Amino acid sequence: MNVLEIKDLTKLYKNNRGIDNINMIIKPGEIVGFIGPNGAGKSTTIRTILGLIKRQNGSVNILGKDIDSDLTSVKKEIGYLPSEVFYYSGMRAKDLLHYSASFYDVDCKERIIELAKYFELDLHMKIDKMSLGNKKKVGIIQGLIHNPKFIILDEPTKPRAGNAIGTTSFRNLESAIYIIVKYFIPLHWLPESLLSNGI
């Protein structure tokens with residue numbers, strides 16, 4: 001069973017190109033870099049895959065399920081970091097992550113502590129006092145706390161944020177599928193497994 005199958009995915013806008021007949025297959029164990037210039041349709045593709053944007057044509061299957069009929073159950077298996085993340089002012093990272101965890105039917109307390117240690121994030125720091133890189137770490141942990149099988153990180157690194165994910169960040173986490181969406185990723189930022197999979 002493929003993790004992701006996209007066939008002829010199309011989303012067009014009146015004044016913008018959108019995406020046209022995108023086809024993609026991602027197999028178990030792969031980490032895929034989804035790279036292109038601004039306006040190429042990377043984020044539109046991801047949002048369409050997640051059912052956040054309605055497509056005009058094409059089909060999307062995630063973990064063997066069609067998103068039109070099984071979107072609710074599919075979302076439980078997905079971790080997603082959007083390119084732009086906004087948080088409640090004054091909240092500590094710990095409070096936000098526990099709030100996020102409350103939407104899942106699993107106890108995520110130990111998982112939050114484990115990931116915070118892994119990404120070297122201070123859970124007691126207020127988010128509005130954090131650097132951009134640490135805010136990105138909060139978003140990444142948000143997407144990982146429920147042990148998803150399919151993980152999409154839309155611009156997990158920013159030039160001003162430094163390397164939020166690190167060169168080894170994904171090597172020791174549980175088996176999952178990652179799509180890393182980026183305009184440009186310096187090769188020394190990438191896990192070896194990504195370099196040997198697909199860009």
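These notes cover the structure that comes with them. (Residues numbered from 1 in each chain as written. Predicted model: local features only at pLDDT ≥ 70, side-chain atom pairs only at ≥ 80, totals over all residues. Heavy atoms only, no water.)

### A word on the layout of surface pockets
To keep it simple, the criterion reads: Using only the protein atoms, space was sampled on a 1 Å grid; points where a 1.4 Å probe fits but cannot get out form cavities, open sets with protein on both sides within 12 Å along at least five of seven lines form pockets, and lining residues are those with an atom within 4 Å of a point. Grid points are joined across faces, edges and corners, and a volume is the space filled by probe spheres set on the points. Only runs of H or I of at least four residues qualify as helices and only runs of E of at least two qualify as strands under DSSP, and these elements are numbered from the N terminus.
There is about 680 Å³ of room inside the largest pocket. Lining the largest pocket are 24 residues, with Tyr80, Pro82, Ser100, Tyr104 and Gln142 sitting closest to its centre. If you list the elements that add at least two residues to the lining of the largest pocket, you get helix H2 (67–75), strand E6 (78–81), helix H3 (93–101) and helix H5 (132–144). The element contributing the most residues to the lining of the largest pocket is E6, with four residues.

### Regarding the packing of aromatic side chains
Let me state the cut-off plainly: When the centres of two rings from Phe, Tyr and Trp lie within 6.5 Å, Trp using its six-membered ring, the rings pair. Their planes under 30 degrees apart give stacked, over 60 give edge-to-face, and anything left gives tilted. Type-normalised accessible area, obtained with a 1.4 Å probe on protein chains alone, sets the label of each residue: buried when under 20%, exposed when over 50%, and partly exposed for intermediate values.
Taken as a whole and assessed by the stated rule, the structure comprises two aromatic pairs. An angle of 85° between the planes, with centres 5.2 Å apart, marks the rings of tyrosine 99 and phenylalanine 103 as edge-to-face. Exposure remark for tyrosine 99: the relative accessible area of 40% places this residue in the partly exposed category. Ring geometry for tyrosine 118 versus phenylalanine 119: centroids 5.3 Å apart, planes at 80°, classification edge-to-face.

### Observations concerning helix H1 (residues 42–49)
Counting buried positions along H1 gives six out of eight residues, so the element sits mostly inside the fold. What H1 keeps buried is the set Lys42, Thr44, Thr45, Ile46, Thr48 and Ile49. Taken from the residues just after H1, glycine 51 is the one with a positive phi, measuring 75°.

### Overview of a nonpolar patch on the surface
So the rule is basically this: Residues forming no salt bridge and having over 30% relative accessible area are the ones grouped into patches, like charges within 9 Å of each other and nonpolar side chains (Val, Leu, Ile, Met, Phe, Trp, Tyr) within 5 Å. Throughout, the Shrake-Rupley method with a 1.4 Å probe supplies accessible areas, and for residues the shown protein chains are the sole cover considered. Just to be clear on terms, a salt bridge is a Lys or Arg side-chain nitrogen sitting within 4 Å of an Asp or Glu carboxyl oxygen.
A cluster of nonpolar side chains, namely Tyr88, Tyr99 and Phe103, defines an oily patch on the protein surface of about 380 Å² accessible area. Looking at where phenylalanine 103 falls in the secondary structure, it is placed in the loop between H3 and helix H4 (109–118).

### What about H4?
Here is the rule: Arc definition: it is the arc formed by the directions from the helix axis to the C-beta atoms. Here a residue-residue contact requires only that any non-hydrogen atoms of the pair lie within 4.5 Å.
What H4 keeps buried is the set Arg111, Ile112, Leu115 and Ala116. Buried residues of H4, seen end-on, are gathered within an arc of 130° and therefore sit on one face of the element. With respect to the buried face of H4, the exposed residues turned more than 90 degrees away are Lys109, Glu110, Ile113 and Lys117. Of the surrounding secondary structure, the elements contacted by the buried residues of H4 are H3 and H5. One or two steps after H4, the chain reaches glutamate 120, where phi turns positive at roughly 55°.

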